[in-house]
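Structural features, examined
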Amino acid sequence: MTTPIDATLTDAWARLKQLHAELDVDFRSWFQDESRAEKFTYQAGDLFVDMSKSYLTDDIKAALLDLADQVNLKERRDAMFSGEKINVTENRAVLHTALRREKGDEVFVDGENVVPEVHEVLERMFAFADSVRDGSWTGVTGKPIKTVVNVGIGGSDLGPVMAYEALKPYVQEGLECRFISNIDPTDVGETVKDLDPETTLVIVASKTFTTLETLTNARQVRSWLLETLEKQGAPTDGAVAKHFIAVSTNLEKVAEFGIDPANAFGFWDWVGGRYSVDSAVGMSLAIAIGPQAFSNFLGGFRMMDTHFVSAPAERNVPLLMGLLNVFYVNFVGAPTHAVLPYSQYLHRFPAYLQQLTMESNGKRVRWDGSPVTTATGEVFWGEPGTNGQHAFYQLIHQGTQLVPADFIAFANPAFPLKDGESDQHELFLGNFFAQTKALAFGKTPDEVRAEGTAEELVTARTFPGNKPTTSIMAPSLTPSVLGQLIALYEHITFVQGIVWGIDSFDQWGVELGKAMAKELQSAVEGDEGAIAQQDPSTRGLIKYYLDKRTK
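Residues numbered from 1 in each chain as written. Predicted model: local features only at pLDDT ≥ 70, side-chain atom pairs only at ≥ 80, totals over all residues. Heavy atoms only, no water.

So, the overall build of the chain
Secondary structure summary: the chain contains 23 helices and 15 strands in total. In terms of overall dimensions, the chain has a C-alpha envelope of 75 × 65 × 60 Å along the principal axes. For the chain, with 551 residues in total, the buried portion stands at 52%. Residue pairs at least 24 apart in sequence account for 74% of intrachain contacts in the chain once pairs closer than 6 positions are excluded. Just so you have it, the chain exposes about 24,100 Å², and 50% of that area is on carbon and sulfur atoms. (Helix = DSSP H or I, 4+ residues; strand = E, 2+ residues; numbered from the N terminus. Buried < 20%, exposed > 50% of the residue type's maximum accessible area, 1.4 Å probe, protein only. Contact = heavy atoms within 4.5 Å. Areas by Shrake-Rupley, 256 points an atom, 1.4 Å probe, with all protein chains shown as cover.)

Now the structure itself:
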């Protein structure tokens, strides 16, 4: 196990500390330099990324790039792409990037080239997707599939549902996907209550086929399917094999459930769940949008991978955005980060990024087990514009907490509607442009007074400005562009993790609560001895539940 370089002991860190102490952010003054916008705007694939309203200066950018060099970020990046086992706590390679490599490429893990395996699974996925899409795959009564229900949790849910929602314009007419993740029985009940089991296909996504929440929900859906088919007078023999497939590598458990192992699609231990939407975990998406669009989706990931590996450091967008986030967290002291997509289709993107970033970098020890030497991670959050403008933008504009924000928008809408003579998308994007401008430049007391505002209201209507944002635009939200956006944030997360010296690819923090939930089961069922063993708070809560529960 290598020892991570302590970033806080580098010359670059000391330089950044000094630069922050001297930093006097004044966007009004900074933008008197007409070249600032061009200087800090970059292109990565189809993404146009304007970082000029961020806290980047020439000196800060240079020091951040020095920091990347001094923590050996390039070497760690190359180690990841080449299949070295940089997930040291689990002794695993980290190769989500291999999921989108082209045929003929070579990436070796334990002496085996994994790329042919990736394409073998993709080919099987695409063949199955085509059979559902063209109606040749039918349910037990011979009817074609109309609804695909994905049962998963974490990365086996957040990625597929986010991507499906984002790419709704590409979904084949007559097909619908639904998603079940929460062990709350409401999730299953509401999802299946109006479905016809004869035209429903269920995907159970669990690598080990032992995930408690996923298997519990899968059993409930199986019971619903069989019971409803029986009520409808339809045959139930062989129904599970015709209506269920699996994303799993545990073929024995898959077969025990009743799923034909031939309809199980695997992935590998070098793919973390939150990095897996471009693997077989994306089967629901592949069915919905089709193999060609899914291939374009993978191509978008690959485009950003290539940029991250080959673009010069001074114009490398994931590198610069990741380093800038480190500056915000560790020098500016901003603990949260907003992602604000001006696209209703991306309404699940902030939630997806919450897992990607917070499960990856929410760590208190470095990859060698030693304590971290500085703050790590960010609280990622957000909602689509313009909804967020009428909710939490007040805090971003005039609150006491600094919230760096990424704004995302597209030049061309899926629905080019007009409101009278006005183009509604132009009204929408007017808000996108206005918000980053208002956050940067604010409104001074004198400007407020010039509007005729009463003096006693001037301070309340003053906007301090100098709030940092990054704007990301693309021509339109296509499968390729979505892949580019996801890969961008994957690599941003990687950059931050390397600077902090942490293992961004394990997630031990999710284990304790799950283990305790199993241990508490007998107490929740009313076992007095088990209840007595609990702490006073937990004991009181369980007793309240048992007293109020009506069965």
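Some details on the nonpolar core
Judged by nonpolar contacts, the single largest core of 128 residues is most densely connected at Met 125, Trp 270, Ile 287, Phe 294, Phe 349, Leu 482 and Tyr 489. Here the element with the most residues in this core is helix 19 (residues 479-500); it accounts for 13 residues. Each of two domains, domain 1 (27-86 + 311-504) and domain 2 (112-294), supplies a minimum of three residues to this core. When neighbours within four sequence positions are excluded, Trp 270 is seen to be in contact with Ala 93, Val 94, Leu 95, His 96, Ala 98, Leu 99, Val 109, Val 114 and Val 118. Val 151, Leu 215, Ala 239 and Val 240 belong to the second largest nonpolar core, which has 24 residues in total. (Core = buried A, V, L, I, M, F, W, Y, C linked by side-chain atoms within 4.5 Å. Domains from an automatic or database assignment.)

Regarding the UniProt feature "active site" (unreviewed entry) in the chain
In the UniProt entry, the feature "active site" (unreviewed entry) is given for Glu 359, His 390 and Lys 514. In three dimensions, the annotated residues from a span of 156 residues occupy distinct locations, with a maximal C-alpha spread of 36.5 Å. Among all residues touching Glu 359, those that are not within four sequence positions of it are Arg 274, Gln 354, Asp 506, Gln 507 and Val 510. In this structure the side chain of Glu 359 is engaged in a polar contact, spanning 3.0 Å, whose partner is the side chain of Arg 274. Note on placement: His 390 falls in the loop between strand 11 (379-381) and helix 16 (393-398). (UniProt positions renumbered as here; feature names shortened; annotations may be inferred. Polar contact = N/O pair within 3.5 Å; in protein donor to acceptor, adjacent residues only side chain to side chain.)

Section: the packing of aromatic side chains
The relation between two aromatic rings is expressed through the spacing of the ring centres and the mutual angle of the planes. This model, assessed by the stated rule, comprises 30 aromatic pairs. Residues Phe 31 and Phe 441 carry aromatic rings whose centres are separated by 5.4 Å and whose planes lie at 80° to one another, so their mutual orientation is edge-to-face. Linking Phe 31 in the loop between helix 2 (27-30) and helix 3 (36-39) with Phe 441 in helix 17 (residues 424-441), this pair joins segments that are 410 residues apart in sequence. When the centroid spacing of 5.6 Å and the interplanar angle of 40° are considered together, the rings of Tyr 342 and Phe 428 count as tilted. One end of the pair, Tyr 342, is in the loop between strand 10 (336-341) and helix 15 (349-361); the other, Phe 428, is in helix 17, and 86 residues separate them in sequence. (Phe/Tyr/Trp six-rings, centres within 6.5 Å; stacked < 30°, edge-to-face > 60°.)

A word on the side chain of Asn 217
As for its placement among the helices and strands, Asn 217 is situated in helix 9 (residues 212-231). Contacts of Asn 217, omitting those with residues within four sequence positions, involve Val 151, Ile 180, Ser 181, Asn 182, Ile 183 and Val 188.

Comments concerning the packing of helix 13 (residues 291-310) against helix 14 (residues 317-332)
Two elements in contact, helix 13 and helix 14, have axes separated by 7 Å at closest approach and are oriented at 75°. Judged by the angle between their axes, helix 13 and helix 14 are roughly perpendicular. Here Met 304, His 307 and Phe 308 of helix 13 lie close against helix 14, whose contacting residues are Val 317, Pro 318 and Leu 319. (Axes fitted to C-alpha atoms, helices over the stretch in contact; angles between N-to-C directions. Parallel < 35°, antiparallel > 145°, perpendicular 65-115°, else oblique.)

Comments concerning helix 17
With 18 residues, helix 17 extends 26 Å between its outermost C-alpha atoms, agreeing within 8% with the 26 Å of an ideal straight helix rising 1.5 Å per residue. Those residues of helix 17 not exposed but buried are His 425, Phe 428, Leu 429, Phe 432, Gln 435, Thr 436, Leu 439 and Ala 440. For helix 17, the angular spread of the buried residues around the axis is 130°, confining them to a single face. Turned more than 90 degrees from where helix 17 packs its buried face, Glu 426, Leu 427 and Lys 437 sit exposed. The N-cap residue of helix 17 is Asp 423: its side-chain oxygen and the backbone nitrogen of His 425 are 2.8 Å apart. Looking one or two residues beyond helix 17, the residue adopting positive phi is Gly 442, at roughly 60°. (Expected span 1.5 Å × (residues − 1). Arc of directions from axis to C-beta.)

What about the packing of helix 13 against helix 19?
Interhelical geometry of helix 13 versus helix 19 gives an angle of 40° and a closest axis separation of 7 Å. Between helix 13 and helix 19 the crossing geometry is right-handed. Contacts between helix 13 and helix 19 pair Ala 293, Asn 296, Phe 297, Gly 300, Phe 301, Met 303, Met 304, Asp 305 and Phe 308 from the former with Pro 479, Ser 480, Leu 482, Gly 483, Gln 484, Ile 486, Ala 487, Leu 488, Glu 490, His 491, Phe 494 and Val 495 from the latter. Its residues placed into classes, the contact of helix 13 with helix 19 shows 13 nonpolar, six polar and two charged. (Left-handed = near helix turned anticlockwise from the far one by under 90°. Nonpolar A, V, L, I, M, F, W, Y, C, P; charged D, E, K, R; others polar.)

What to know about the domain arrangement of the chain
Under the domain assignment used here, the chain contains domain 1 (27-86 + 311-504), domain 2 (112-294) and domain 3 (513-548). Centre-to-centre, using C-alpha coordinates, domain 1 lies 34 Å away from domain 2. Contact residues are listed per partner, giving 20 residues for domain 1 and 17 residues for domain 2. Buried surface at the junction of domain 1 and domain 2, both sides included, amounts to about 1,700 Å², of which 65% is carbon and sulfur. Counting across the domain 1 and domain 2 interface gives one salt bridge. A salt bridge links Arg 274 to Glu 359, with the nearest nitrogen and oxygen atoms 3.0 Å apart. Here domain 1 and domain 2 share eight residue pairs in polar contact (both at pLDDT 80 or more) between them. Elements with a contribution of two residues or more to the side of domain 1 that touches domain 2: helix 15 and helix 19. Each residue belonging to the side of domain 1 that touches domain 2 can be placed in one class, and the counts come to eleven nonpolar, six polar and three charged. (Buried area = accessible area lost by both parts, 1.4 Å probe. Salt bridge = Lys/Arg side-chain N within 4 Å of Asp/Glu carboxyl O.)

Focus on the pairing of strand 7 (residues 200-205)
In terms of burial, strand 7 is a largely internal element, six of the six residues being buried. Inspection of the sheet shows strand 5 (residues 147-151) paired to strand 7 by five bridges, in the parallel sense. Each residue of the ladder has a partner; that of Thr 147, found in strand 7, is Thr 200. Across four bridges, strand 7 lies against strand 8 (residues 244-247) in parallel orientation. Residue pairing across strands places Val 204 opposite Ala 246, the latter belonging to strand 8. (Pairing = 2+ DSSP bridges.)

Some thoughts on the pattern of salt bridges
This structure, assessed with the given rule, holds 23 salt bridges. Arg 100 is paired through a salt bridge with Asp 278; the nearest N and O atoms lie 2.7 Å apart. Of this pair, Arg 100 sits in the loop between helix 5 (73-82) and strand 3 (108-109) while Asp 278 is found in the loop between strand 9 (264-265) and helix 12 (283-289), placing the two residues 178 residues apart along the sequence. Comparing Arg 100 with Asp 278, the two get one shared label, buried. In this structure, Lys 143 engages Glu 198 in a salt bridge whose closest nitrogen and oxygen atoms are separated by 3.4 Å.

Examining the sheet that holds strand 1 (residues 41-44)
The mixed open sheet is built from six strands, whose spatial order is 1-2-15-12-10-11. Unpaired on one side and paired on the other, strand 1 and strand 11 mark the two borders of the sheet. Across the sheet, the axes of successive neighbouring strands diverge by a mean angle of 20°, strand direction being ignored. The sheet contact formed by strand 10 and strand 11 spans three bridges and is parallel. Counted as the bridge partner of Ala 338 is Trp 381 from strand 11. Relative to the sheet, helix 17 contacts strand 12 (405-410) and strand 15 (469-474), its axis offset from that of strand 12 by approximately 155°.

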